[in-house]
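Below are the chains, spelled out letter by letter.
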Amino acid sequence: MINHDNSMFGGVWPAMFSPVNANGELAPRELEKLIEMLISEGVDGLYLLGSTGQGFLFNEQQRKEIAALTLEINNKRLPVIVQVGALSTDESVRLAKHAAQHGADGISSVGPIYYAASAAMGIAHYTKIAGATDLPFFPYQIGNAIMNDEVVNKLMQIPNIMGLKLTTANLLDISSIHHKSAGVWKLFSGADELLCQAAMCGTAGAIGTTYNLAGSTCKYVRQEFLNGNVALGIEFMLYLQNLIEKIIPVIWSFFNKAMQLKYGITIGDPKAPLLAPALPWSDDEILAMVNGLDDFKNKVKSNL
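Here goes a summary of the coordinates provided.

Scoring rules and cut-offs
Position labels on residues start from 1 in each chain and follow its written sequence. In keeping with the predicted nature of the model, local features appear solely for residues at pLDDT of at least 70, side-chain atom pairs appear and are counted solely at 80 or more, and the whole-chain, interface and lining totals rest on all residues. Side-chain figures throughout are based on the complete set of non-hydrogen atoms in the structure, without hydrogens or water. Each helix is a run of H or I in the DSSP string that is no shorter than four residues. Each strand is a run of E no shorter than two, and both are numbered from the N terminus. Remark: exposure states derive from per-residue accessible area (1.4 Å probe, protein chains only) relative to the maximum for the residue type, with buried under 20%, exposed over 50%, and partly exposed in between. At least two bridges found by DSSP between two strands are what make those strands a pair. Axes, fitted as lines to C-alpha atoms, cover a helix only where it is in contact. Angles between the N-to-C directions of the axes lie from 0 to 180 degrees. Whether two residues touch is decided by their heavy atoms; if any such pair falls within 4.5 Å, the residues are in contact. Seen with its strands pointing away from the viewer, a crossover is right-handed when the path leading from the first strand over the helix to the second is clockwise. Here the expected length of a helix is defined as 1.5 Å per residue gap, with one fewer gap than residues. For each structure, a 1 Å grid was placed over the protein atoms alone; sets of points admitting a 1.4 Å probe that cannot get out are labelled cavities, open sets with protein on both sides within 12 Å along at least five of seven lines are labelled pockets, and lining residues have an atom within 4 Å of a point. Grid points are joined across faces, edges and corners, and a volume is the space filled by probe spheres set on the points. Under the grouping applied here, Gly and all other residues not named as nonpolar or charged are polar, the nonpolar ones being Ala, Val, Leu, Ile, Met, Phe, Trp, Tyr, Cys and Pro and the charged ones Asp, Glu, Lys and Arg.

**With respect to unusual backbone geometry**
Line of reasoning, step 1. The omega torsion across A272 and P273 is 15°, close enough to zero to call that bond cis.
Line of reasoning, step 2. Structurally, the position occupied by P273 is in the loop between α10 (251-263) and α11 (283-302).
Line of reasoning, step 3. Here N75, not a glycine, exhibits a phi torsion of approximately 55°, which is positive.
Line of reasoning, step 4. With respect to the helices, strands and loops of the structure, N75 is situated in the loop between α2 (60-74) and β3 (80-83).
Line of reasoning, step 5. Overall, N75 belongs to the exposed group, its relative accessible area being 57%.
Line of reasoning, step 6. In this model, A182 sits at a positive phi of 55°, which is unusual for a non-glycine residue.
Line of reasoning, step 7. In this fold, A182 is placed in the loop between α6 (171-180) and β7 (186-189).
Line of reasoning, step 8. Look at A182 and you get exposed, because its relative accessible area is 64%.

Following this line, the structure appears as structure tokens:
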């Protein structure tokens, strides 16, 4: 097995949008604008084709196209993890090999989907994906399977698994997995609303949707929190949690409009069956909500 440098796997990683046109097909120019913006914002890495990137709503060839173009545009400026999970293990393996061939720094995968995923099914699924390449592998927790000592130990025996992406609101689960893995794994939290809280439970970084919109601010606040500025972390997280609660019913419409207003990037309406409901706020109100995030970084720096 190749010994990889895992020091790059930490910090704040946007779960990237996959911009599409009116026909639901990749919009290459908007993808390029998004990548360049995220690099300029100083985020720590890019995570492709997860739920935010609507990976499961593109066919295999489209997923390969998005991954290849992103990796080409990025050109090794940031580390990139490609989410390769699919309905079948065989497709996941093909996507993993494609990501490796095009220069990805790591891969990730959801557990088995549609069919209820037992721990045994998830371990078999992950074993085949991990064996497809020599890339560092960061799978999700296995569906509803309990991540007990036995399951974690079996996952730790799979070559190339270097950590997990934990999209859970249960902080105890995160700290428990951190302890069970003896602190060896690099854990990423997947719930934006627990960015700072999850860091207290042993995560090395965070992967989430909001970091497309406010990546530099979220990175700044997380690091300030780890440096001891607890008051800032609390105030920011309360704002972010309230914002997320407000936008959940219209989340795709909100991010499409917010990205347009702040960065001039159109991510497009989501692919069916996802919906884009009408927004209850004016453009000015949306900008105020977005700017409220960046105010936390700006006001701290202005006090220095």
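What follows picks up the thread again.
**Observations concerning the sheet that holds β3**
Line of reasoning, step 1. Sheet architecture is open: 4 strands sit in the order β2-β3-β4-β5, paired in parallel fashion. For this open sheet the edge positions go to β2 (46-48) and β5 (137-139), each flanked by a neighbour on one side alone. Neighbour-to-neighbour, the strand axes of this sheet turn through a mean angle of 20°, independent of strand direction.
Line of reasoning, step 2. Sheet topology places β2 next to β3; 3 bridges connect them, and they run parallel. Opposite Y47, over in β3, you have I81 as the bridge partner.
Line of reasoning, step 3. Across the sheet, α2 touches β2 and β3, and the angle it forms with β3 is around 175°.

**Some words on the environment of S189**
Line of reasoning, step 1. Within the element layout of this structure, S189 appears in strand β7.
Line of reasoning, step 2. With 13 residues separating them in the primary sequence, S189 and G202 have C-alpha atoms 9.5 Å apart.
Line of reasoning, step 3. The residues touching S189, leaving out its near neighbours within four places in the chain, are L166, A198, T203, G205, A206 and I207.

**Concerning the sheet that holds strand β1 (residues 11-14)**
Line of reasoning, step 1. Taken in spatial order, the 4 strands line up as β1-β8-β7-β6 in an open sheet, and their pairing is parallel. Edge strands, defined here as strands with exactly one partner in the open sheet, are β1 and β6 (163-166). Neighbour to neighbour, the strand axes of the sheet diverge by 20° on average, direction disregarded.
Line of reasoning, step 2. Where β1 lies against strand β8 (residues 205-208), 4 bridges are found, and the strand directions are parallel. Following the sheet pairing, G11 is matched in β8 by G205.

**Topic: the pairing of β3**
Line of reasoning, step 1. Here β3 shows two buried faces, one formed by V80 and V82 and the other by I81 and Q83.
Line of reasoning, step 2. In terms of handedness, the path from β2 via α2 over to β3 forms a crossover that is right-handed.
Line of reasoning, step 3. Bridge count for β3 against strand β4 (residues 106-109) is 3 bridges, and the pairing is parallel. When the sheet's bridge partners are listed, V82 is paired in β4 with I107.
Line of reasoning, step 4. Handedness of the β3-helix α3 (residues 89-101)-β4 crossover: right-handed.

**A word on helix α4 (residues 119-130)**
Line of reasoning, step 1. Relative to the 16 Å expected for 12 residues at 1.5 Å per residue, α4 spans 16 Å between its end C-alpha atoms, a close match to the ideal helical length.
Line of reasoning, step 2. Buried positions along α4 lie against α3, β4, β5 and α5 (149-156).

**Quick notes on empty space enclosed by the protein**
Any empty space left between atoms is shown by rolling a water-sized probe over those atoms.
Line of reasoning, step 1. Per the stated rule, a full pass over the model turns up 2 cavities of 30 Å³ or more.
Line of reasoning, step 2. Taken as a whole, the largest cavity spans an internal volume of roughly 50 Å³.
Line of reasoning, step 3. Lining the largest cavity, in full, are F17, S18, V20, T52, Q54, W252, I267, G268, D269 and P270.
Line of reasoning, step 4. Looking at the second largest cavity, its volume works out to about 40 Å³.
Line of reasoning, step 5. In this structure, the second largest cavity is lined by L49, R63, K64, A67, V82, Q83, V84, L95, H98 and A99.
Line of reasoning, step 6. Residue composition of the lining of the second largest cavity, by class: 6 nonpolar, 2 polar and 2 charged.

**Quick notes on the side chain of S181**
Line of reasoning, step 1. The topology assignment puts S181 in the loop between α6 and β7.
Line of reasoning, step 2. With a relative accessible area of 0%, S181 lands in the buried category.
Line of reasoning, step 3. Not counting residues within four places of it along the chain, the set of residues in contact with S181 comprises V152 and M156.

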